[in-house]
Amino acid sequence: MSNDEGLAALGHDSGIVVIVACMDRRLVEILKLFRDRETPLKVRQERLRSLFNRETEDYKALSGLLAETTPERTLVLTNAGANVKGLSKTLGEIRGISRLVVMTHNDCGGMKVVANGLSSGATEESDELFRHLGGSRYKSAAGNSRDIEEIKERVEMLNPGVQREAARSFCTKVAIVQVDVRGLRQEPEGNEHWLLVAPVGQYPHAFDGTPRWQTYGIVGNKEDEVVDRKIAATLGISRIVDRGPRKISR
Ligand SMILES: [Zn+2]
């Protein structure tokens, strides 16, 4: 399978749906369904249903989104925090985006990096991560609080709006999906978390051979991924699987 298989198949026409999601391992099984060309919609919706404990609002929203999109014309990009600005180079290379879906979630490691920066004062490295995640926009969220959990919750509430605004510079039709990951039925996981780094178009095949529920995924152009790798490192993910060149070829 070539690295640009996904993009080549799209043909760079209009009508491409791009999903920008957080790299979080708990979203991976959901995102795979949007790129699965072999499985009929009804079966993909059933699989989505089995990922949730019950028919939650999230399930209904995602099931509807599955019905409105076709795997052949959908691209999945991922980084820390579903940070649209951080994927600028990648998004700039994709022509004909008709809809941009931003998928954020609660209990987000990327937002924790922002919260840490707000609560403890920035070091050079945390400042870089913070700026990458649109840091200045979040400053007011912290207020006078120094409680990381409290700040993180505020930052998570603010993030969809920040991403919506950023997404509008790439597409006029923007949808935000906030997934409550605590509503997901997760299989038991091992202690070790993996990080997959892969080119655009390789969802879901790039995940073959990596442990389910344990693998975070960064998918985008190489120029866009540097800071996200650092964020993954701050989250303690040390085992990295790199699926090769990330230059989008036409
Ligand atoms: Zn996240």
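Use the structure listed above.
Everything in this summary refers to the structure shown in the same document. (Residues numbered from 1 in each chain as written. Predicted model: local features only at pLDDT ≥ 70, side-chain atom pairs only at ≥ 80, totals over all residues.)

**So, the nonpolar core**
Applied cut-off: In this description, a nonpolar core means buried residues of the types Ala, Val, Leu, Ile, Met, Phe, Trp, Tyr and Cys, linked to one another by C-beta atoms lying within 7 Å. Using C-beta atoms placed from the backbone, we call a residue buried if 20 or more other C-beta atoms fall within 10 Å of its own, exposed if 12 or fewer do, and partly exposed for counts in between. What counts as a contact here is a pair of residues whose C-beta atoms, placed from the backbone, lie within 7 Å.
Judged by nonpolar contacts, the single largest core of 67 residues is most densely connected at Val18, Ile19 and Val20. Those residues in contact with Val18 that sit more than four places away from it in its chain are Leu75, Leu77, Leu91, Ile94, Ile97 and Leu100.

**Digging into the packing of helix 2 (residues 25-35) against helix 3 (residues 41-51)**
Operational definition: The angle between two axes is taken between their N-to-C directions and runs from 0 to 180 degrees, where each axis is a line fitted to C-alpha atoms and a helix contributes only its stretch in contact. Numbered from the N terminus, helices here are DSSP runs of H or I no shorter than four residues, and strands are runs of E no shorter than two. Oblique is the label for any angle not covered by the other classes, which are roughly parallel (under 35 degrees), roughly antiparallel (over 145) and roughly perpendicular (65 to 115). Under the grouping applied here, Gly and all other residues not named as nonpolar or charged are polar, the nonpolar ones being Ala, Val, Leu, Ile, Met, Phe, Trp, Tyr, Cys and Pro and the charged ones Asp, Glu, Lys and Arg.
Two elements in contact, helix 2 and helix 3, have axes whose closest approach is 10 Å; the angle formed by their N-to-C orientations is 175°. Relative to helix 3, the element helix 2 lies roughly antiparallel. Between helix 2 and helix 3, the contacting residues are Glu29, Ile30 and Leu33 on the first element and Arg44, Arg47, Leu48 and Leu51 on the second. Each residue belonging to the contact of helix 2 with helix 3 can be placed in one class, and the counts come to four nonpolar, no polar and three charged.

**Comments concerning the packing of helix 3 against helix 4 (residues 57-68)**
Defined as follows: Crossing handedness follows the turn of the near helix against the far one: under a right angle anticlockwise gives a left-handed crossing, and clockwise gives a right-handed one.
The contact between helix 3 and helix 4 brings their axes to 10 Å, and the two run at 160°. Here helix 3 is positioned roughly antiparallel relative to helix 4, judged by the angle of their axes. Along this stretch, helix 3 crosses helix 4, giving a crossing that reads as right-handed. Along the contact surface, helix 3 presents Leu41, Arg44, Gln45, Leu48 and Arg49, while helix 4 presents Tyr59, Leu62, Ser63, Leu66 and Ala67. The residue inventory of the contact of helix 3 with helix 4, partitioned by class, reads six nonpolar, two polar and two charged.

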